[in-house]
Amino acid sequence: MRIYDIIAKKRDGFELTDEEIAFFVRGCTDKSIVDYQTTALLMAIYLNGMTDREMITLTNEMAHSGDMLDLSSIQGITADKHSTGGVGDKTTLIVAPIVASCGVKIAKLSGRGLGHTGGTVDKLEAIDGFRVSLSPEEFICQVNEIGICVTGQTGNLAPADKIIYGLRDATATVGSIPLIASSIMSKKLAAGAECIVLDVKAGSGAFMKTLDEAKALSQKMIDIGKANGRKMAAVLSDMDTPLGKNIGNTLEVIEAVDVLKGGVQSDLTEVCVVLASNILSLAKAISLDEAEKQVRRSLSDGSAYEAFKALVKAQGGDTSLIENTDRFKKAAFYREVPSPADSYISSMNAETIGLSSVVLGAGRKTKEDVIDYTAGIILEKKTGEEVKKGEVLARLYTNNADSLDESERMLLSALKFSKEKPVAKPLIYDVMR
Ligand code: URA
């Protein structure tokens, strides 16, 4: 078999066999296929698509290119969630402890932020001492002991995806539904959980800019999961507007803790309740109504908050920061951004707001950049709200005073104002199961 012939076949719009896809994945993992041939095939896939069979084979081959975590020694049903990424998305910090406190084991591997989107691993590292590198044995042992573990990569999971994703990133081939679906699901399958709930974002701050694209991606990921015997659901939620108020690592941990302590009713709380309810309903085979009751109870009786503290303690984090979030280190510089007029905020561009927080130091422009955990933005006003001229729209935090002007300019460019109150858009578009 020759990679040249496989590239030509896909270029001409033909369907690849399982053997050809396996040959490709093996070759790019062991480097017997050179990068320019891998990227040529990726471009042919980007342009000509894949059949469902091709996509499922590609996913399974990438999942099996490294370790497959065996969670069978964990007692009880295991669940995982995955967000396709957005701005202000701290849902894992809230959903994982809620679900664990309701008796479903959370075995979750998370990633770092890149570009305008944040990553759970960075947020957890904002808590002094929190360890995000655990061995597979530590990971499984912690899930068994306290019902929850959230870590970065453990073991050598889906190395083929790592190579292929890096090449896609550099060759304008990220935005392909079969390639995104197989990339995400290869890691989820290798991570081993039985129930997987996907939080698929649609809007300006998401990979999928339209709801139709988000639905198509969700359906493909559900198909892949089901073909592998996993219980699957996808929640389609809005990412035109950042989620919650706080953007930036420490700020997001503080907002998550506020929600976990109960009493905060916000868009963030609602998305977390829907995600957690869907996980519980799938994992325990109970109705969504019953699942939602359990979720809301765990927020109001403090059990979700206690589960989060147990997670922080087990992974070496300083729990006194969680008990008193005023103790988190603060950025040296601060600026209030006032409203330029009396009006309503008619829309926000989440991607531009995410990038204005990156300018402050809250995220990475390249993988090598170092994050300033204290940097970020608190949005005092969001889409649909009325503002008076001079009223504070947002607060900026940074250790680099020179970044404040650019960040403020970007933030203001991301907001649109209107005299009329805008029509409210749904927060949750759909749930697919
Ligand atoms: N996240 C992934 O893990 N893979 C993609 O292709 C896109 C987003």
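Rules used throughout
Residues numbered from 1 in each chain as written. Predicted model: local features only at pLDDT ≥ 70, side-chain atom pairs only at ≥ 80, totals over all residues. Heavy atoms only, no water. Salt bridge = Lys/Arg side-chain N within 4 Å of Asp/Glu carboxyl O. Helix = DSSP H or I, 4+ residues; strand = E, 2+ residues; numbered from the N terminus. Buried < 20%, exposed > 50% of the residue type's maximum accessible area, 1.4 Å probe, protein only. Expected span 1.5 Å × (residues − 1). Contact = heavy atoms within 4.5 Å. Near = heavy atom within 4 Å. Polar contact = N/O pair within 3.5 Å; in protein donor to acceptor, adjacent residues only side chain to side chain. Areas by Shrake-Rupley, 256 points an atom, 1.4 Å probe, with all protein chains shown as cover. Core = buried A, V, L, I, M, F, W, Y, C linked by side-chain atoms within 4.5 Å. Domains from an automatic or database assignment. Pairing = 2+ DSSP bridges. Axes fitted to C-alpha atoms, helices over the stretch in contact; angles between N-to-C directions. Phe/Tyr/Trp six-rings, centres within 6.5 Å; stacked < 30°, edge-to-face > 60°. Lys NZ or Arg CZ within 6 Å of the ring centre and 35° of its normal. 1 Å grid on protein atoms, 1.4 Å probe; cavity = no way out; pocket = protein on both sides within 12 Å on 5 of 7 lines; lining within 4 Å. Points joined across faces, edges and corners; volume = space filled by probe spheres on them. Nonpolar A, V, L, I, M, F, W, Y, C, P; charged D, E, K, R; others polar.

Caption draft 1: Fine view of the pattern of salt bridges. The tally for this structure, following the rule as stated, stands at 37 salt bridges. Here Asp240 and Lys425 are joined by a salt bridge, their closest N and O atoms 2.4 Å apart. Taken together, the positions of Asp240 in the loop between strand S5 (231–238) and strand S6 (246–247) and Lys425 in the loop between strand S12 (415–418) and strand S13 (428–432) put the pair 185 residues apart, joining distant regions of the chain. The exposure class assigned to Asp240 is partly exposed, which follows from its relative accessible area of 24%. The exposure class of Lys425 is partly exposed, given its relative accessible area of 49%. Taking the shortest distance from any N to any O, the salt bridge between Glu306 and Lys309 comes out at 4.0 Å. Of this pair, Glu306 and Lys309 both sit in helix H14 (residues 303–314), separated by three residues, roughly a single helical turn. Residue classification places Glu306 among the partly exposed residues on the basis of a relative accessible area of 44%. Using a relative accessible area of 16% as the deciding quantity, one classes Lys309 as buried. A single network of salt bridges, built from pairs that share partners, joins Arg112, Asp122, Glu125 and Arg364.

Caption draft 2: Spotlight on helix H3 (residues 35–48). Helix length check: H3, at 14 residues, gives a terminal C-alpha distance of 20 Å against a target of 20 Å (1.5 Å per residue), a fit within 8%. Of all the residues in H3, the buried ones are Thr38, Thr39, Leu41, Leu42, Ala44 and Ile45. Against the buried residues of H3 lie helix H1 (3–11), helix H2 (18–29), helix H8 (159–170) and helix H9 (177–191). Taken from the residues just after H3, Gly49 is the one with a positive phi, measuring 75°.

Caption draft 3: View of the site of the ligand. Around the ligand sit Tyr165, Arg168, Ile180, Ser183, Ile184, Lys187 and Phe207, and that is every residue in its neighbourhood. Within the side chain of Arg168, an N or O atom sits 2.8 Å from an oxygen atom of the ligand. Taking Lys187, its side chain carries an N or O atom lying 2.5 Å from an oxygen atom of the ligand. Protein burial of the ligand: of its 240 Å² of free accessible surface, 89% is covered by the chains. Elements with a minimum of two residues in the shell around the ligand: H8 and H9.

Caption draft 4: Molecular detail of the nonpolar core. In terms of nonpolar packing, the biggest core is built from 72 residues, with Ile127, Phe308, Ile322, Ile353 and Ile377 touching the most fellow members. Counting residues per element, this core draws most heavily on helix H12 (residues 267–284), at 10 residues. Shared between two domains, this core holds at least three residues of each, these being domain 2 (78–323) and domain 3 (329–418). Residue contacts for Ile377: discarding those within four places in its chain leaves Lys245, Asn246, Ile247, Leu251, Ile353, Ser356, Ser357, Leu360, Ala394, Arg395, Leu396 and Leu411. Core analysis: the second largest hydrophobic core is formed by 40 residues, Phe24, Met50, Met185 and Leu236 among them.

Caption draft 5: Highlighting the sheet that holds S13. Taken together, six strands build an open sheet; the order of strands is S3-S2-S1-S4-S5-S13 and the sheet is mixed. Only two strands of the sheet have a single partner each, and these edge strands are strand S3 (148–151) and S13. Direction aside, the axes of adjacent strands within the sheet are offset by 20° on average. Two strands pair when backbone bridges link them, and S5 and S13 are joined in this way by four bridges, in the antiparallel orientation. Each bridged residue has a counterpart across the sheet, and for Ala234 the counterpart in S13 is Met432. The sheet strands contacting H12 are strand S1 (78–83), strand S4 (195–202), S5 and S13, and the helix crosses S4 at an angle near 150°.

Caption draft 6: Structural view of the side chain of Lys381. Mapped onto the elements of the fold, Lys381 is located in the loop between strand S9 (376–379) and strand S10 (386–387). Within polar-contact distance, the side chain of Lys381 engages the side chain of Glu391 at 3.1 Å. The residues touching Lys381, leaving out its near neighbours within four places in the chain, are Ile345, Met348, Glu386, Val387, Glu391, Val392 and Leu393.

Caption draft 7: Fine view of the domain arrangement of the protein chain. Once the domains are mapped, the protein chain shows domain 1 (3–49), domain 2 (78–323) and domain 3 (329–418). Computed from C-alpha atoms alone, the centre-to-centre distance between domain 1 and domain 3 is 43 Å.

Caption draft 8: View of the sheet that holds S9. Across the sheet, which stays open at both edges, the four strands sit in the order S6-S9-S11-S7 with antiparallel pairing between neighbours. The outermost strands of the open sheet, each flanked by one partner alone, are S6 and strand S7 (333–338). Judged from the four bridges that link them, S9 and strand S11 (residues 392–398) form a sheet pairing that is antiparallel. If you follow Leu379 over to S11, its bridge partner there is Ala394. Helix H16 (residues 350–360) rests against S6, S9 and S11 of the sheet, and its axis sits at about 135° to S9. Along the sheet, helix H17 (residues 403–413) makes contact with S7, S9 and S11, crossing S7 at roughly 30°.

Caption draft 9: The packing of aromatic side chains, seen in detail. Scanning the model with the defined rule gives one aromatic pair in all. Judged by centre distance (5.2 Å) and plane angle (40°), the rings of Tyr334 and Tyr397 are tilted. Residue Tyr334 is located in strand S7, and its partner Tyr397 is located in strand S11; the two are separated by 63 residues in the primary sequence. Exposure remark for Tyr334: the relative accessible area of 40% places this residue in the partly exposed category. Residue classification places Tyr397 among the buried residues on the basis of a relative accessible area of 18%. Cation over ring: Lys187 sits above Tyr165, and NZ or CZ is 5.8 Å from the ring centre.

Caption draft 10: Representation of the layout of surface pockets in the model. Its volume calculated, the largest pocket comes out at about 1,600 Å³. The wall of the largest pocket is formed by 47 residues, among which Gly111, Arg112, Gly113, Tyr165 and Lys187 lie closest to the centre. For the lining of the largest pocket, the secondary-structure elements that each account for two or more residues are S1, helix H5 (91–101), strand S2 (105–109), helix H6 (120–125), H8 and H9. Split by residue class, the lining of the largest pocket holds 12 nonpolar, 21 polar and 14 charged. Size it by volume and the second largest pocket reaches roughly 760 Å³. In terms of lining, the second largest pocket is formed by 35 residues, of which the most central are Asp238, Thr241, Asp267, Lys382 and Thr383. Considering only residue class, the lining of the second largest pocket consists of 13 nonpolar, nine polar and 13 charged.

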